[in-house]
Amino acid sequence: MSKSIAIIGSGFSSLAASCYLAKQGHDVTVFEKNETIGGRARQLKKDGFTFDIGPTWYWMPDVFERFFGDFGKKPSEYYALKKLNPAYNVYFGKDDYISIEDTLDKICQTFDDEEPGSSKKLRKFIKTAQNNYDVAIKDLVYRPGISPLELVTPVTIKKIGQFFSTIKKEVRKEFKNDKLIKILEFPVLFLGAKPSNTPAFYSFMNFADFGIGTFHPKNGMYQVILAMENLAKELGVKVQTNHPIDKILVENGIATGVTSNGNSYESDIVLSGADYHHSETLLDKSYRQYSENYWEKKVFAPSSLLFYVGFDKKLKNVEHHTLFFDVDFDTHAEAIYDNPKWPEEPLFYASFPSKTDANAAPSGQEAGIFLIPLAPGITDTPEIREKFFKKIIDRFEGLTSQKVKKSIIFKESFCVNDFIKDYNSFKGNAYGMANTLMQTAFLRPNLKSKKVKNLFFTGQLTVPGPGVPPSLISGKLVAELINKSN
Ligand SMILES: Cc1cc2nc3c(=O)[nH]c(=O)nc-3n(C[C@H](O)[C@H](O)[C@H](O)COP(=O)(O)OP(=O)(O)OC[C@H]3O[C@@H](n4cnc5c(N)ncnc54)[C@H](O)[C@@H]3O)c2cc1C
């Protein structure tokens with residue numbers, strides 16, 4: 001039976017859910033607080049430059065294909081995808097970097113050049129990673145996280161050891177070269193926790209990296225949001241921007257709608273894709289499932305300090321994706337997870353989309369995005385942002401052997417306070433809740449409220465977890481659950 005469904009937020013998870021629910025014949029309205037849709041994946045346009053504000057790495061193209069395929073469509077009907085080569089560069093010192101190219105064979109050669117004989121071990125490691133990818137990304141992550149039994153299959157029982165070992169241990173067992181270790185530990189950072197706190201089973205991220213590769217949608221990740229908006233609208237979804245929801249209405253334990261800008265919108269079902277903690281604050285206390293204490297105890301993925309910079313010239317010695325791992329990872333990780341503070345010398349990531357996408361910057365100029373991962377909830381002031389910009393731009397100049405400061409036309413920043421203001425993010429987290437062993441599957445916040453009938457949740461704080469592909473999957477999972485419950 002067709003129901004009216006109010007969805008809070010227009011990030012990847014909400015948009016995905018809206019498509020599935022509309023396809024099932026429901027009357028779906030998306031309410032977004034901001035002026036534009038996309039949530040953490042919004043876009044910034046300035047003086048002819050275009051920046052993705054959030055995600056920049058398009059990994060796991062099969063998940064996007066599966067999403068559009070569910071509607072009889074293909075991503076290529078909406079946006080053009082290009083495989084990047086190199087996928088990325090990693091700096092370890094001045095003029096000292098490794099390029100990760102676009103095939104496993106080429107990457108194996110790079111490994112042998114750094115650590116003779118390591119390619120054989122790499123192939124074995126990636127074979128296990130591929131197997132894990134097939135188990136996790138093609139199957140397990142499409143289970144709704146309701147019961148621990150979802151994780152128990154003949155295949156996962158054989159892999160049980162991998163849930164109790166960590167990526168850090170497994171990588172160090174096989175590889176001795178510090179640079180290769182850092183490269184192999186990098187992909188799980190997308191899951192929001194330290195490699196020492198991430199189960200070895202999550203090596204499927206390494207297969208996503210080396211086995212499948214890094215892609216770029218022409219004109220940026222925001223094209224995927226626009227594609228999903230188009231699909232949603234084709235399916236009849238209504239999208240209302242500038243509609244901050246300030247209350248989820250509940251009568252006798254049943255969700256009955258939402259309020260925004262002084263108006264009430266009745267609905268049979270409410271689904272929130274906003275950050276889970278915030279979504280529960282829209283309920284009276286007695287209807288919340290998780291206490292403040294619960295959230296305080298969870299391992300949150302990092303926040304970030306980001307800069308979007310327009311340069312008046314092309315930059316040298318950098319690629320579309322460039323990582324700066326020239327300082328100690330453990331010291332920075334400690335400042336994020338163990339003893340939250342601003343890191344003395346941060347690792348950072350830089351993206352120059354105009355290296356491969358002519359539309360990202362005016363001709364002869366460069367668009368640069370710089371990201372420093374940070375502990376959620378730390379003090380964020382304009383002075384601190386500026387201090388850290390100076391720190392990384394000085395290092396950037398030294399490491400890449402070029403002067404860029406005088407070529408800056410403008411720079412915009414985004415940090416903890418903006419994550420809170422723009423997305424109602426808990427402590428200003430960027431990527432939601434980390435995927436540690438104790439925060440996996442049924443151990444993550446529920447898709448379905450246990451206290452309020454007809455109230456559901458989706459997004460990177462629920463199952464399966466942080467990242468764009470998991471957010472698409474989260475939207476699908478909650479839509480299936482809503483259908484089953486009604
Ligand atoms: C800087 C950064 C870099 C990243 N890089 C990558 C990457 O390279 N690759 C990758 O795969 N992933 C990346 N991620 C993670 C990825 O972007 C997220 O996992 C994903 O976008 C989360 O989608 P979501 O739908 O769960 O939440 P969101 O995108 O946060 O959507 C929630 C929406 O709810 C809205 N909202 C909140 N409160 C209300 C309210 N009261 N009323 C109405 N609306 C409300 C918000 O405005 C927002 O639009 C990155 C994230 C960040 C922040």
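Whatever comes next refers back to the structure up there.
Definitions and cut-offs
Residues numbered from 1 in each chain as written. Predicted model: local features only at pLDDT ≥ 70, side-chain atom pairs only at ≥ 80, totals over all residues. Heavy atoms only, no water. Core = buried A, V, L, I, M, F, W, Y, C linked by side-chain atoms within 4.5 Å. Buried < 20%, exposed > 50% of the residue type's maximum accessible area, 1.4 Å probe, protein only. Contact = heavy atoms within 4.5 Å. Helix = DSSP H or I, 4+ residues; strand = E, 2+ residues; numbered from the N terminus. Pairing = 2+ DSSP bridges. Near = heavy atom within 4 Å. Polar contact = N/O pair within 3.5 Å; in protein donor to acceptor, adjacent residues only side chain to side chain. Areas by Shrake-Rupley, 256 points an atom, 1.4 Å probe, with all protein chains shown as cover. Nonpolar A, V, L, I, M, F, W, Y, C, P; charged D, E, K, R; others polar. Axes fitted to C-alpha atoms, helices over the stretch in contact; angles between N-to-C directions.

Peer 1: Any chance you could explain the nonpolar core here in plain terms?
Peer 2: Taken as a class, soluble globular proteins show a tendency for nonpolar side chains to be buried jointly. Membership of the largest hydrophobic core comes to 109 residues, with the highest contact counts inside it found for Phe67, Tyr88 and Phe210. When residues no more than four places from it in sequence are discounted, the contact partners of phenylalanine 67 are Ala16, Cys19, Tyr20, Met228, Leu231 and Leu472. Within the second largest apolar cluster, 27 residues are counted, among which are Phe307, Phe324, Ile393 and Val404.

Peer 1: Got a minute to help me understand the pairing of strand 13 (residues 269–272) in this structure?
Peer 2: The two faces of strand 13 match: Ile269 and Leu271 on one face and Val270 and Ser272 on the other face are all buried. The sheet contact formed by strand 1 (residues 4–8) and strand 13 spans 4 bridges and is parallel. Looking at strand 13, one finds that alanine 6 is bridged to valine 270.

Peer 1: Looking at this structure, how should I read the site of the ligand?
Peer 2: In the vicinity of the ligand lie 39 residues, with Ser13, Glu32, Arg40, Trp57 and Gln460 positioned nearest. Take valine 468: an N or O atom from its main chain is 2.9 Å from an oxygen atom of the ligand. If the ligand stood free it would expose 1000 Å²; the protein chains cover 97% of that surface. Only helix 1 (12–23), helix 15 (416–423) and helix 16 (468–485) provide two or more residues apiece to the shell around the ligand. A breakdown of the residues in the shell around the ligand according to their chemical character gives 18 nonpolar, 17 polar and 4 charged.

Peer 1: So what exactly am I meant to see when it comes to the sheet that holds strand 17 (residues 366–374) here?
Peer 2: Paired through their backbone hydrogen bonds, the strands of a sheet run either parallel or antiparallel. Reading across from one edge, 7-6-15-16-17-14-18 is the order of the 7 strands in this open sheet, with mixed pairing throughout. One side of each edge strand has no neighbouring strand; the edge strands of this open sheet are strand 7 (96–100) and strand 18 (408–414). Here the strands of the sheet are splayed against their neighbours by 20 degrees on average, with no regard to which way each runs. Across 5 bridges, strand 6 (residues 88–93) lies against strand 7 in antiparallel orientation. Bridge assignment links tyrosine 91 to a residue of strand 7, and that residue is tyrosine 97.

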